[in-house]
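Next come the chains, spelled out residue by residue.
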Amino acid sequence: MSRATDADDALPDCDLLGDALTTNVMFSQDTDEWPTPQWLFDALDKEFGFTLDPCSDGSNAKSPKFYSVRDSGLLKDWRTETVFMNPPYSQCLTWMHKAYAAAQAGATVVCLVPARTDTAWWHRYAMKGEIRLLRGRLKFGDAQNSAPFPSAVIVFRPQAFTLTAWQAGPDA
């Protein structure tokens, strides 16, 4: 089993294999921001009750409280929030670091990210969370076609959170 090292940080945040064809396919839009499918956000919001969207462009906020690029959500305090995060995919390492650190400080952070299990950021941060792999490929925003990559939902919970097993009593 190999371990991620600091040298892995020299790789692109999402390890795009480096060739032009892969980059063009992965980021065929003018941006690497992929708008969250509303049905997916609604299902997660029902479960978690989000209070913050730190990765909004200002027009696509998923929560009444949000940060846009101008607000620099990476520099804000999330520790009292229940966060939904769909980061710019070229900056996965930076945003996943922030999400993990915020959870260590008390936040619940739910991340929609590409399922790039071969990357340093995945092993350094995603593997420390609850991983929910999504079946099939998502259609982001108004796209005609599905994304050319699989997606995952990563949940980082506060350190105080513990999942305990429920045991049936004698009357069950």
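Only a predicted model underlies this, so the values are computations on that prediction, with no experimental measurement involved.

Colleague: Give me the lowdown on helix α2 (residues 38-48), citing residues and values where you can.
Modeller: The set of residues buried in α2 consists of L40, F41, L44 and F48. All buried residues of α2 lie within an arc of 95° about the axis, which places them on one face of the element. Opposite its buried face, α2 presents the exposed residues W39 and K46, each directed more than 90 degrees away. Residues of α2 that are buried in the fold lie against β1 (82-85), β2 (108-114), β3 (130-133) and β4 (151-156).

Colleague: Give a description of the nonpolar core that names residues and reports values.
Modeller: Where a protein is soluble and globular, its nonpolar side chains tend to be buried together. Counting residues in each nonpolar core, the largest one holds 41 residues, and the members touching the most others are W78, M85, M96, V109, C111, I154 and F156. The greatest single-element share of this core, amounting to seven residues, is contributed by helix α3 (residues 92-104). Excluding anything up to four places from it in sequence, C111 contacts M85, M96, A99, A152, V153, I154 and F156.

Colleague: Before we move on, can you summarise the pattern of salt bridges with the specific residues and values?
Modeller: Enumeration over the complete set of coordinates arrives at five salt bridges. A salt bridge links D77 to R79, with the shortest nitrogen-to-oxygen separation between them at 2.7 Å. The exposure class assigned to D77 is partly exposed, which follows from its relative accessible area of 42%. Here R157 and E130 are joined by a salt bridge, their closest N and O atoms 3.0 Å apart. With R157 in the segment after β4 and E130 in strand β3, this pair connects stretches of sequence that are 27 residues apart.

Colleague: Which residues make up α3, and what values do they have?
Modeller: Taking 1.5 Å as the rise per residue, α3 with 13 residues should run 18 Å; its terminal C-alpha atoms sit 18 Å apart, in good agreement. Among the residues of α3, those classed as buried are C92, L93, W95, M96, K98, A99, A102 and A103. Looking at the buried positions of α3, the neighbouring elements they touch are β1, β2, α4 (120-124) and β4. Following α3 by one or two positions, G106 has its phi on the positive side, about 130°.

Colleague: How would you summarise the sheet that holds β4 if you had to cite specific residues and measurements?
Modeller: In spatial order, the strands read β1-β2-β4-β3; together these four strands make up an open sheet with mixed pairing. Of all strands in the sheet, those bounded by a partner on one side alone are β1 and β3. Strand-to-strand, the axes of this sheet are offset by a mean angle of 15°, without reference to chain direction. Both β3 and β4 contribute to a ladder of four bridges, which runs antiparallel. Considered in β4, the bridge of L133 is made with A152. α2 rests against β1, β2, β3 and β4 of the sheet, and its axis sits at about 160° to β2. The strands that α3 touches are β1, β2 and β4; relative to β2, the one it contacts most, it runs at about 160°.

The rules behind these values
- Residues numbered from 1 in each chain as written.
- Predicted model: local features only at pLDDT ≥ 70, side-chain atom pairs only at ≥ 80, totals over all residues.
- Heavy atoms only, no water.
- Buried < 20%, exposed > 50% of the residue type's maximum accessible area, 1.4 Å probe, protein only.
- Helix = DSSP H or I, 4+ residues; strand = E, 2+ residues; numbered from the N terminus.
- Arc of directions from axis to C-beta.
- Contact = heavy atoms within 4.5 Å.
- Core = buried A, V, L, I, M, F, W, Y, C linked by side-chain atoms within 4.5 Å.
- Salt bridge = Lys/Arg side-chain N within 4 Å of Asp/Glu carboxyl O.
- Expected span 1.5 Å × (residues − 1).
- Pairing = 2+ DSSP bridges.
- Axes fitted to C-alpha atoms, helices over the stretch in contact; angles between N-to-C directions.

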